[in-house]
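Overview (structure and organization)
Chain by chain, the residues:
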Amino acid sequence: MSDQDLFLTALREWVEESMHRSMHAFIRHNRQSSHSLSQTNSLFRLYHRGASPVSDLADHLGITMAAVSQLLAPMEETGLIQRTEDPDDRRVKMIALTEKGSQTVREAMRARHAWLDDLAALLTGEEKETVLPALLLLNQTAQQLRIELHRQIAQPTTDTTQER
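Residues numbered from 1 in each chain as written. Predicted model: local features only at pLDDT ≥ 70, side-chain atom pairs only at ≥ 80, totals over all residues. Heavy atoms only, no water.

Between helix 1 (residues 3-32) and helix 5 (residues 99-122), the least distance of the axes is 8 Å, while the angle of their chain directions is 135°. Of the possible angle classes, the one that applies to helix 1 and helix 5 is oblique. Regarding helix 1 and helix 5, the two cross each other, and that crossing is right-handed. From helix 1, Trp14, Ser18, Arg21, Ser22, Ala25, Phe26 and His29 reach across to helix 5, where they touch Glu107, Ala108, Ala111, Arg112, Trp115 and Leu119. Class assignment for the residues of the contact of helix 1 with helix 5 results in seven nonpolar, three polar and three charged. (Axes fitted to C-alpha atoms, helices over the stretch in contact; angles between N-to-C directions. Helix = DSSP H or I, 4+ residues; strand = E, 2+ residues; numbered from the N terminus. Parallel < 35°, antiparallel > 145°, perpendicular 65-115°, else oblique. Left-handed = near helix turned anticlockwise from the far one by under 90°. Contact = heavy atoms within 4.5 Å. Nonpolar A, V, L, I, M, F, W, Y, C, P; charged D, E, K, R; others polar.)

Now the structure itself:
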């Protein structure tokens with residue numbers, strides 16, 4: 001097996017293990033909450049992207065405006081989100097997280113990452129020093145991929161089939 005194959009195999013194994021543990025913890029935490037996965041997805045989207053029109057949330061979830069309104073109603077009643085009018089267009093309803101909503105997302109993230117504390121406790125100081133540069137490099141490279149993806153999405157595509 002080549003070095004490249006060994007690297008990709010080890011990387012895939014790490015991704016599988018970390019995703020399995022993170023998602024298992026996340027799902028367990030979500031079951032203990034009163035939120036559906038779609039509600040949790042909405043909270044995370046608002047947390048990472050900020051206030052959003054209801055229509056954008058409906059598009060993201062792949063559901064109708066009526067369905068997203070029903071999905072959001074209990075979260076508004078429990079104080080996780082707030083609805084406001086877009087100052088530029090009063091017909092557009094904006095959804096934003098409240099502090100309680102942000103705290104709910106942070107708790108879910110802590111639950112998802114809790115297993116990492118256990119993992120770190122099993123590593124010696126020397127092992128952590130050995131692994132840290134590789135983790136930093138992987139994070140930096142993954143960030144570069146994210147930036148490139150956003151750049152590709154933002155660039156308009158050119159239709160080369162148009163008549164001249």
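One ladder, built from two bridges, connects strand 1 (residues 52-53) with strand 3 (residues 89-97); its direction is antiparallel. Paired with Ser52 across the strands is Ile95, a residue of strand 3. The turn joining strand 2 (residues 81-86) and strand 3, which pair antiparallel and follow one another in sequence, is formed by two residues. (Pairing = 2+ DSSP bridges.)

Another point: the packing of aromatic side chains. Considering all chains together, one arrives at two aromatic pairs under this definition. Centre to centre, the rings of Phe26 and Phe44 are 5.7 Å apart; their planes meet at 80°, and the pair counts as edge-to-face. Linking Phe26 in helix 1 with Phe44 in helix 2 (residues 37-49), this pair joins segments that are 18 residues apart in sequence. Residue classification places Phe26 among the buried positions, given a relative accessible area of 12%. Using a relative accessible area of 13% as the deciding quantity, one classes Phe44 as buried. (Phe/Tyr/Trp six-rings, centres within 6.5 Å; stacked < 30°, edge-to-face > 60°. Buried < 20%, exposed > 50% of the residue type's maximum accessible area, 1.4 Å probe, protein only.)

The terminal C-alpha atoms of helix 4 (residues 65-77) lie 18 Å apart, and with 13 residues this matches the ideal 18 Å at 1.5 Å per residue to within 8%. The largest bend along helix 4 reaches roughly 25° and is located at Leu71, with the proline Pro74 sitting one to four residues downstream. Turning to helix 4, its buried residues are Val68, Leu71, Leu72 and Met75. Positive backbone phi, approximately 80°, marks Gly79, located one or two places after helix 4. (Expected span 1.5 Å × (residues − 1). Bend = angle between axes of the 7 residues up to and from the residue.)

Moving on to helix 2. If you check helix 2, its first and last C-alpha atoms are 18 Å apart, about what 13 residues at 1.5 Å a residue would give, namely 18 Å. If you check which residues of helix 2 are buried, you get Gln39, Thr40, Ser42, Leu43, Phe44, Arg45 and Leu46. After helix 2 finishes, the residue Gly50 shows a positive phi value of roughly 85°.

So, on to the nonpolar core. Counting residues in hydrophobic clusters, the biggest one holds 19 residues, and the most contacted among them are Leu43, Val68, Leu72 and Ile81. For this core, the elements supplying multiple residues, two or more each, are helix 2, helix 3 (54-61), helix 4, strand 3 and helix 5. Sequence-distant contacts of Leu43, defined by excluding residues within four places in its chain, comprise Met75, Leu80, Ile81, Leu97, Thr104 and Val105. (Core = buried A, V, L, I, M, F, W, Y, C linked by side-chain atoms within 4.5 Å.)

When the charged atoms of two side chains with opposite charge come close together, those side chains can pair. Per the stated rule, a full pass over the model turns up seven salt bridges. Between Arg90 and Glu85 there is a salt bridge whose closest N-O contact spans 3.6 Å. Residue Arg90 is classed as exposed on the basis of its relative accessible area of 64%. Among the salt bridges present, the one from Asp89 reaches Arg91, with a minimum N-O distance of 2.9 Å. Residue classification places Asp89 among the partly exposed positions, given a relative accessible area of 23%. Residues joined by salt bridges that share partners form a network here, namely Glu85, Arg90 and Lys93. (Salt bridge = Lys/Arg side-chain N within 4 Å of Asp/Glu carboxyl O.)

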